[in-house]
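These are the residues of each chain, in order.
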Amino acid sequence: MCEIFGFSSGKPQRINEELKEFFTHSDQHPHGWGLALLSGSEAAIEKEPAQASKSSYLRERLREPIQVSTALAHIRYATIGHTEWRNCHPYSKKDRTGRRWTLIHNGTIFDYAPMNHYVSLQNGETDSERILLYLVDQMDALAARLGRPPEAEERFRLLDRLVAALSPGNKLNLLIYDGQLLYAHTNFAGSLFRRRTEEGVLILTRPLARGQWEPMPFTTLVAYEDGQQVFTGTNHGGEYFEDPEAIRLLNLAFAEL
């Protein structure tokens with residue numbers, strides 16, 4: 001499928017070496033790469049529909065210091081959507097309160113009727129982009145009900161419910177940043193890990209060579225602020241089990257579009 005990378009820290013740290021090792025995994029994920037350097041409502045996003053390890057631009061980019069408090073990165077193995085810039089992660093969108101949401105996804109949405117509406121609205125072709133559009137609309141609806149921008153815990157509780165509803169039958173490894181919180185979720189066993197440090201946390205699909213790694217909380221949304229875990233959601237139990245036939249049918253349906 002894909003691999004995802006998330007970083008959250010209490011103060012800016014240089015992450016060049018971690019990114020360089022992460023992007024070497026693109027030999028098995030050749031259909032695009034993306035990098036988001038995040039700070040509040042600002043998101044500096046770079047992406048390319050090319051294999052990261054063969055990108056001369058990315059090679060030069062990683063020679064410059066990358067020192068941040070929050071970052072997301074993605075390497076793509078396409079299951080839905082052609083190898084094009086518009087299908088590369090991260091995806092980013094502001095809600096009506098001005099809060100920016102940035103998302104990367106490793107997985108596949110096989111069936112979730114509330115997201116079908118976004119097929120005609122998205123810029124690209126991926127189910128991952130539809131997750132973001134659906135999420136932002138739900139946050140806008142919450143803000144309308146409250147009559148004000150949702151607070152951090154209110155945003156977390158809504159996202160916790162959305163992830164629990166979306167998980168059954170779908171592979172949903174997610175990293176999302178909302179300008180304050182970095183949310184993380186996995187429902188596919190052995191596919192998301194974290195390395196905690198004094199200053200923060202690093203989250204990856206595959207552990208890097210250095211440091212002590214542990215599995216992320218399973219079928220449970222968590223959120224970090226400045227590198228510290230601040231919210232833990234409900235264990236919804238919606239574990240994903242790989243189904244080759246479902247993947248074959250989905251690929252066949254996409255090929256006929």
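Everything below is about the structure printed above this text.
Residues numbered from 1 in each chain as written. Predicted model: local features only at pLDDT ≥ 70, side-chain atom pairs only at ≥ 80, totals over all residues. Heavy atoms only, no water.

> What should I look at first to understand the overall build of the protein chain in this one?
Helix and strand content of the protein chain: 5 helices and 13 strands. Computed over its C-alpha atoms, the radius of gyration of the protein chain comes to 17 Å, within 12% of the 18 Å expected for a compact globule of 257 residues. Oriented by its inertia axes, the alpha-carbon framework of the protein chain measures out at about 45 × 45 × 30 Å. Residues counted as buried form 53% of the 257 residues belonging to the protein chain. (Helix = DSSP H or I, 4+ residues; strand = E, 2+ residues; numbered from the N terminus. Rg over C-alpha atoms; globule rule 2.2 N^0.38 Å. Buried < 20%, exposed > 50% of the residue type's maximum accessible area, 1.4 Å probe, protein only.)

> Please explain the layout of surface pockets as it appears in this structure.
With a probe scaled to a water molecule rolled over the atoms, the places where space remains empty come into view. Space inside the second largest pocket adds up to approximately 240 Å³. The residue inventory of the lining of the second largest pocket, partitioned by class, reads 7 nonpolar, 4 polar and 4 charged. (1 Å grid on protein atoms, 1.4 Å probe; cavity = no way out; pocket = protein on both sides within 12 Å on 5 of 7 lines; lining within 4 Å. Points joined across faces, edges and corners; volume = space filled by probe spheres on them. Nonpolar A, V, L, I, M, F, W, Y, C, P; charged D, E, K, R; others polar.)

> Mind showing me how you'd approach the side chain of His105 here?
Here His105 is to be found in strand β6 (residues 100-108). Residue classification places His105 among the buried positions, given a relative accessible area of 1%. Those residues in contact with His105 that sit more than four places away from it in its chain are Cys2, Ile4, His74, His89, Asp127, Ser128, Ile131, Lys171, Leu172, Asn173 and Leu174. (Contact = heavy atoms within 4.5 Å.)

> Is there a simple way to explain the sheet that holds strand β11 (residues 214-215) in this structure?
Hydrogen bonds along the backbone pair up the strands of a sheet, which may run parallel or antiparallel. Strand order in this open sheet of 7 strands is β3-β2-β4-β1-β10-β9-β11, and the pairing throughout is antiparallel. Where the open sheet ends on each side, the last strands, each with one partner, are β3 (42-48) and β11. When strand β1 (residues 2-14) meets strand β10 (residues 200-204), the two strands line up antiparallel, connected through 5 bridges. When the bridges of β10 are listed, Phe7 appears paired with Leu202. (Pairing = 2+ DSSP bridges.)

> Hey, could you run me through the packing of aromatic side chains in this one?
Each aromatic ring pair is summarised here by two numbers: the centre-to-centre distance and the angle between the ring planes. Here the structure, examined in full by the defined rule, presents 11 aromatic pairs. With a centroid separation of 6.0 Å and 15° between ring planes, the pair formed by Phe110 and Tyr240 is classed as stacked. Here Tyr240 lies in the loop between β13 (228-232) and α5 (244-255) and Phe110 lies in the loop between β6 and α3 (127-146), a separation of 130 residues in the sequence. According to the relative accessible area criterion, Phe110 is partly exposed, its value standing at 22%. (Phe/Tyr/Trp six-rings, centres within 6.5 Å; stacked < 30°, edge-to-face > 60°.)

> Any chance you could explain empty space enclosed by the protein here in plain terms?
A full pass over the atoms with the stated rule returns 2 cavities of 30 Å³ or more. Ile131, Tyr134, Leu135, Leu159, Leu162, Val163, Leu166 and Leu174 are the residues that line the second largest cavity. Element by element, the count of residues in the lining of the second largest cavity is highest for helix α4 (residues 152-166), at 4 residues. Here the residues of the lining of the second largest cavity are counted per class, giving 8 nonpolar, no polar and no charged.

> Help me understand the sheet that holds strand β7 (residues 171-177), please; the structure alone is not making it clear to me.
Judged by pairing direction, the sheet is antiparallel, and its 6 strands sit side by side in the order β5-β6-β7-β8-β12-β13 without closing on themselves. Only two strands of the sheet have a single partner each, and these edge strands are β5 (91-94) and β13. Strand after strand, the sheet turns through a mean of 25° between neighbouring axes, direction not considered. With 3 bridges joining them, strand β8 (residues 182-185) and strand β12 (residues 222-225) adopt antiparallel strand pairing. Following the sheet pairing, Tyr183 is matched in β12 by Ala223. Across the sheet, α3 is in contact with β5, β6 and β7; its angle to β6 comes to roughly 140°. On top of the sheet, α4 reaches β6, β7, β8, β12 and β13; it is set at about 65° to β13, its chief contact. (Axes fitted to C-alpha atoms, helices over the stretch in contact; angles between N-to-C directions.)

> Could you clarify how one ought to interpret the pairing of β5 in this entry?
One face of the sheet, then the other: side chains in a regular strand alternate in exactly this way. Of the pairings in the sheet, the one linking β5 to β6 comprises 4 bridges and is antiparallel in character. Within β6, the residue paired with Tyr91 across the bridge is Leu103.

Don't take any of this as a statement about function, it's just geometry.
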